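# Reading the structure
Next come the chains, spelled out residue by residue.
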Amino acid sequence: MKQSDTKQPEYLHIRGEKKPRAHIIAVGGGKGGVGKSFVSSSMAIFLSQMGYKTVLADLDFGAANIHTYLSMGVPSVGLHQFFQKPLMKLAEVQIPTGFKNLSLITCANDSMDVDQVTDKDRSRLMSSLYQLEADFIILDLSAGATASTLDFFLMATQQIVVLTPEPVSVENAYRFIKSAFFRKIKRYEHQLNLEKVLNEIMEKKDELNIRSPGDLLHYLSKHEPERGAQLSELMNQFQINLVLNQGRSQKDLELAPSIKSVCKKYFGISCELLGQIEHDNAVWQSLRRRKHLLVDCPQSRLYTQLMYISRSLMKVKNKKAVV
Ligand SMILES: Nc1ncnc2c1ncn2[C@@H]1O[C@H](COP(=O)(O)OP(=O)(O)OP(=O)(O)O)[C@@H](O)[C@H]1O
Ligand SMILES: [Mg+2]
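Note that this is a predicted model, so its numbers are computed, not measured.

What counts and how
Residues numbered from 1 in each chain as written. Chains lettered and ligands numbered in written order. Predicted model: local features only at pLDDT ≥ 70, side-chain atom pairs only at ≥ 80, totals over all residues. Core = buried A, V, L, I, M, F, W, Y, C linked by C-beta atoms within 7 Å. Buried ≥ 20, exposed ≤ 12 C-beta atoms within 10 Å, placed from the backbone. Helix = DSSP H or I, 4+ residues; strand = E, 2+ residues; numbered from the N terminus. Contact = placed C-beta atoms within 7 Å. Pairing = 2+ DSSP bridges. pLDDT = per-residue confidence, 0-100. Expected span 1.5 Å × (residues − 1). Arc of directions from axis to C-beta. Near = placed C-beta within 6 Å. Nonpolar A, V, L, I, M, F, W, Y, C, P; charged D, E, K, R; others polar. Axes fitted to C-alpha atoms, helices over the stretch in contact; angles between N-to-C directions.

What follows covers the nonpolar core. Judged by nonpolar contacts, the single largest core of 85 residues is most densely connected at Ile25, Ala26, Ile137, Ile138, Leu139, Ile177 and Leu242. Per-element accounting of this core gives the leading share, 7 residues, to helix 1 (residues 36-49). What isoleucine 25 contacts, discounting residues up to four positions off in sequence, is Phe136, Ile138, Leu139, Ala156, Gln158, Ile160 and Leu313.

Once that is clear, we can look at the pairing of strand 4 (residues 102-106). Taking burial as the measure, the 5 residues of strand 4 include 5 buried ones, the bulk of the element. On strand 4, burial covers both faces: Leu102, Leu104 and Thr106 on one face and Ser103 and Ile105 on the other are all buried. Inspection of the sheet shows strand 2 (residues 54-58) paired to strand 4 by 5 bridges, in the parallel sense. Bridge assignment links valine 55 to a residue of strand 4, and that residue is serine 103. Of the pairings in the sheet, the one linking strand 3 (residues 95-96) to strand 4 comprises 2 bridges and is antiparallel in character. The partner of isoleucine 95 across the bridge, within strand 4, is leucine 104.

The next point concerns the confidence of the model for the chain. When pLDDT is averaged across the chain, the result is 87; 92% of the residues are at 70 or more. The low-confidence segment residues 1-17, where pLDDT is below 50, has 19 contacts with residues more than four positions distant or belonging to other chains.

Let us now look at unusual backbone geometry. Its identity is not glycine, yet asparagine 101 carries a phi of approximately 70°, on the positive side. One can find asparagine 101 in the loop between strand 3 and strand 4. The backbone of glutamine 246 sits at a positive phi, close to 65°, despite the residue not being glycine. With respect to the helices and strands, glutamine 246 occurs in strand 7 (residues 239-247).

With respect to the helices and strands, isoleucine 177 occurs in helix 6 (residues 167-188). Overall, isoleucine 177 belongs to the buried group, with 29 C-beta atoms counted inside 10 Å. In this structure the C-alpha to C-alpha distance between isoleucine 177 and leucine 141, which are 36 residues apart in sequence, comes to 14 Å. Once you skip the residues sitting within four places of it in the chain, isoleucine 177 turns out to touch Val161, Ile240, Cys263, Phe267 and Ile269.

Compared with an ideal rise of 1.5 Å per residue, which puts 13 residues at 18 Å, helix 11 (residues 255-267) spans 17 Å between its outermost C-alpha atoms and is within 8% of the ideal. Residues of helix 11 that are buried: Ala256, Ile259, Cys263 and Phe267. Down the axis of helix 11, the buried set is contained in an arc of 60°. They therefore lie on one face. Pointing more than 90 degrees away from the buried face of helix 11 are the exposed residues Pro257, Ser258, Ser261 and Lys265. Buried positions along helix 11 lie against helix 6, helix 8 (213-223), strand 7, helix 10 (250-253) and strand 8 (270-278). Glycine 268 lies just past helix 11 and shows a positive phi near 70°.

As a matter of local geometry, ligand 1 sits amid 18 residues, with Gly32, Gly35, Lys36, Ser37 and Phe38 nearest to it. Listed by contribution, the elements that provide at least two residues to the shell around ligand 1 are helix 1, strand 7 and helix 12 (282-288). Partitioned by chemical class, the residues of the shell around ligand 1 number 8 nonpolar, 7 polar and 3 charged.

Here the focus is the sheet that holds strand 7. Taken in spatial order, the 8 strands make up an open sheet running 3-4-2-5-1-6-7-8, and their pairing is mixed. The open sheet is flanked by strand 3 and strand 8, the only strands paired with a single partner. Relative to strand 5 (residues 136-140), helix 1 is tilted by about 170°, and along the sheet it contacts strand 1 (23-28), strand 2, strand 4, strand 5, strand 6 (158-163) and strand 7. In the packing of helix 6 onto the sheet, contacts are made with strand 1, strand 6 and strand 7, and the angle to strand 6 comes to roughly 155°.

So, on to helix 4 (residues 119-131). For helix 4, which comprises 13 residues, the first-to-last C-alpha distance of 18 Å matches the rise-based estimate of 18 Å (1.5 Å per residue) to within 8%. Every buried residue of helix 4 is listed here: Asp119, Arg122, Leu125, Met126 and Leu129. The buried residues of helix 4 occupy an angular sector of 125° when the element is viewed end-on, so they sit on one face. Of the surrounding elements, those touching the buried residues of helix 4 are strand 1, strand 2, strand 5 and helix 5 (147-155).

What follows is the structure in structure tokens.
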């Protein structure tokens with residue numbers, strides 16, 4: 001990012017005043033290649049097939065490839081034009097796909113680099129996503145936990161972290177969740193009047209042995225009970241949905257409950273398992289045939305597993321709409 005990452009993004013000023021029109025789902029994760037784009041595109045295909053107007057937004061600046069999962073070439077319009085033309089509406093770069101009810105917004109054209117995206121561009125994109133007419137918007141994010149990725153992750157109504165059972169992926173997922181949480185605190189600390197006290201604590205974090213959101217909450221509750229209660233409320237609102245992808249054995253599939261309990265125990269963050277997806281070479285074999293697995297192999301077990309995940313998303317949206 002060109003501008004300071006610590007500066008509050010402009011779009012935060014509309015928070016609380018505006019709610020997104022669509023149910024926005026962000027798909028992130030600490031590590032590259034864990035299956036974020038495969039999972040995002042699968043959910044988007046299912047939701048659109050269920051009749052929901054769905055937009056899939058490829059926000060993996062510098063490495064956008066979701067068009068390939070949708071069997072499309074690189075679209076000629078995209079976020080590059082949107083950023084270049086201040087009066088352009090986001091809907092103008094929303095392009096149809098081969099799937100009914102599913103459109104794509106991508107940054108794949110003109111090989112956009114993440115460093116080209118300014119804070120102002122980001123803010124404009126975020127508020128435009130809030131205003132976009134759709135039932136679901138799915139944000140496919142880049143790997144890692146840069147401030148920009150975390151802000152897109154946190155702007156969503158529902159947050160999904162994709163991970164695989166490998167130790168590196170699990171470790172990166174923990175790191176991503178932890179970074180997302182600290183970023184969320186940063187966004188609210190001013191509003192909750194926590195700024196000063198948190199800065200003081202974080203300056204001495206090594207000395208105080210604060211390594212996780214859970215440690216922070218523990219310390220704050222002990223020394224500043226009122227503020228501790230505010231932070232605790234913020235933590236309770238923060239819910240991560242996990243998708244465990246590329247499981248190869250029963251043991252892999254048993255990993256999810258332990259990740260869930262680690263998140264609760266050490267981070268104080270509640271993580272729900274949205275679903276598990278097995279490893280299947282058919283994923284890339286289908287892609288080689290320029291087809292999505294859901295189209296190419298509707299009889300595969302992954303089809304059912306992905307359908308189960310997509311149905312859960314539909315239930316969350318409907319539940320939130322009722323509330
Ligand atoms: N369940 C699965 N079984 C087998 N292969 C899979 C599965 N999920 C994803 N893959 C394969 O793993 C590779 C990475 O998937 P994908 O592009 O979705 O990852 P990503 O997390 O979006 O990566 P990046 O961070 O680079 O954007 C692809 O080759 C894809 O075909
Ligand atoms: Mg990807």
